[in-house]
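Understanding the architecture of this molecule
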Amino acid sequence: MGHGGESRRTQAFDGELGDAVARAQQGDEAAFAVAYRLVQPGLLAYVRGLVGADAEDVMSDAWLEIARDLGRFKGDGAGFRGWTATIARHRALDHLRRQRVRPRASVLEQDVLELPAPHSTHDQAMEAMSTEQALALVGRLPRDQAEAVLLRVVVGLDGPSAARVLGKRPGAVRTAAHRGLRRLAKQLAADGVTDEAPRTLGEST
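Below, the structure is looked at part by part. (Residues numbered from 1 in each chain as written. Predicted model: local features only at pLDDT ≥ 70, side-chain atom pairs only at ≥ 80, totals over all residues. Heavy atoms only, no water.)

Considering the overall build of the protein chain
This is how the line gets drawn: Working definition: helices are DSSP H or I runs of at least four residues, strands are E runs of at least two. Numbering for both runs from the N terminus. To sort residues, take the accessible area from a 1.4 Å probe on protein chains only and compare it with the maximum for the residue type: under 20% means buried, over 50% means exposed, and anything in between is partly exposed. Between two residues, a contact is recorded if the distance between any of their heavy atoms is within 4.5 Å. Surface accessibility follows the Shrake-Rupley procedure with a 1.4 Å probe radius. Residue values consider only the protein chains on display as shielding.
When its secondary structure is counted, the protein chain shows 9 helices and 0 strands. What you see in the protein chain, going N to C, is helices and strands ordered as α-α-α-α-α-α-α-α-α. Counting across all 205 residues of the protein chain, residues that qualify as buried make up 46%. Within the protein chain, contacts between residues at least 6 apart in sequence are counted, and of these 75% link residues at least 24 apart. In the form shown here, the protein chain has an accessible surface area of approximately 10,700 Å², with 50% of it arising from carbon and sulfur atoms.

Written as structure tokens, this is what we have:
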């Protein structure tokens, strides 16, 4: 499917989300439920990549914080996705610290490469997989690539928003996402989708 259709869907999604968030900030509980329904699946998949089976518990803590601080949020639907992803990531990292399990340090900190991502790379790597299969394969990527792919493809953030969540420069995130998608595409071409259980990020072999 072309990127024009993807862009229109994203705009419609963010329009609905932004409207729901605005109403939720005025005390509309039903609107808050709509916002939750729109962003929770992507956030849960992202956090599952970070903490594995504890993702539901981590997201419960994250949503408590989101609900508590909702009145402070300023922005549109796209901004809300980025804001909630940042909160979810912080809660996930707090959870890992409490368990004394630290994510592996990123192997890609430079942003000197500005690699364009061909449409075929994204299509081959992501459209061939179900959500469960995608998480299983993404969990085998280096952590910086896995997080970039999850934030860009699953949560649906643009490059600058994903960079803000990760505390990196947009060029580094674009490069990591591109390399991750290329690696997924090569693995699909070479081996097909495996039936292995998903790993948490940083446990790639």
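Moving on from the model shown.
Side note on helix α7 (residues 143–155)
Counting buried positions along α7 yields 10 of 13 residues, so the element is predominantly enclosed. After α7 finishes, the residue Gly 156 shows a positive phi value of roughly 90°.

Concerning the environment of Pro 170
As for its placement among the helices and strands, Pro 170 is situated in helix α9 (residues 170–191). Those residues in contact with Pro 170 that lie beyond four places of it in its chain are Pro 160 and Ala 163.

Thoughts on the packing of aromatic side chains
Note the following rule: Note on ring pairs: Phe, Tyr and Trp rings are taken, using the six-membered ring of Trp, and paired if centres are within 6.5 Å. Classes follow the plane angle, with under 30 degrees stacked, over 60 edge-to-face and the rest tilted.
In total, this model carries 5 aromatic pairs according to the counting rule given. Each ring, one from Tyr 36 and one from Trp 63, has its centre 4.8 Å from the other, and the planes form 55°; the classification is tilted. One end of the pair, Tyr 36, is in helix α2 (residues 29–51); the other, Trp 63, is in helix α3 (residues 55–69), with 27 residues separating them in the sequence. In this structure Trp 63 comes out as buried when scored by relative accessible area, which is 9%. Taken together, a centroid distance of 5.5 Å and an interplanar angle of 80° make the contact between Phe 73 and Phe 80 edge-to-face. Judged by its relative accessible area of 8%, Phe 73 falls in the buried class. We classify Phe 80 as buried; its relative accessible area is 1%. Three or more aromatic residues joined by ring pairs form one cluster here, namely Phe 32, Tyr 36 and Trp 63.

Details of the nonpolar core
Defined as follows: Here the nonpolar core consists of buried residues drawn from Ala, Val, Leu, Ile, Met, Phe, Trp, Tyr and Cys, with membership extended through side-chain atoms lying within 4.5 Å.
If you look at the biggest cluster of nonpolar residues, it comprises 51 residues, and the most contacted ones within it are Leu 43, Tyr 46, Val 47, Val 51, Met 59, Phe 80 and Leu 151. Looking at this core, the elements with two or more residues in it are α1 (3–25), α2, α3, α4 (77–98), α6 (131–138), α7, α8 (159–166) and α9. The leading source of residues in this core is α2, at 11 residues.

Concerning α8
In terms of burial, α8 is largely enclosed, as 6 of its 8 residues are buried. Taken residue by residue, α8 has Gly 159, Ser 161, Ala 162, Ala 163, Val 165 and Leu 166 as its buried positions. Downstream of α8 by one or two residues, Gly 167 has phi in the positive range, about 70°.

What to know about the environment of Tyr 36
Of the residues examined, Tyr 36 reaches a relative accessible area of 36% and is grouped as partly exposed. As a C-alpha pair, Tyr 36 and Ala 20 span 16 residues in sequence and 9.4 Å in three-dimensional space. Not counting residues up to four positions away in its chain, the partners in contact with Tyr 36 are Pro 41 and Trp 63.

Some points on the pattern of salt bridges
Side-chain pairing between opposite charges can occur once the charged atoms of the two side chains come close. The criterion, for reference: A pairing counts as a salt bridge when a side-chain nitrogen of Lys or Arg comes within 4 Å of a carboxyl oxygen of Asp or Glu.
Applying the stated criterion across every chain yields a total of 11 salt bridges. The salt bridge involving Arg 81 is made with Asp 14; its shortest N-O contact spans 2.8 Å. Taken together, the positions of Arg 81 in helix α4 and Asp 14 in helix α1 put the pair 67 residues apart, joining distant regions of the chain. The salt bridge involving Glu 147 is made with Arg 89; its shortest N-O contact spans 2.9 Å. Of this pair, Glu 147 sits in helix α7 while Arg 89 sits in helix α4; the two residues are 58 residues apart in sequence, bridging distant segments of the chain. Residue Glu 147 is classed as buried on the basis of its relative accessible area, which comes to 2%.

So yeah, pure geometry; function would need other evidence.
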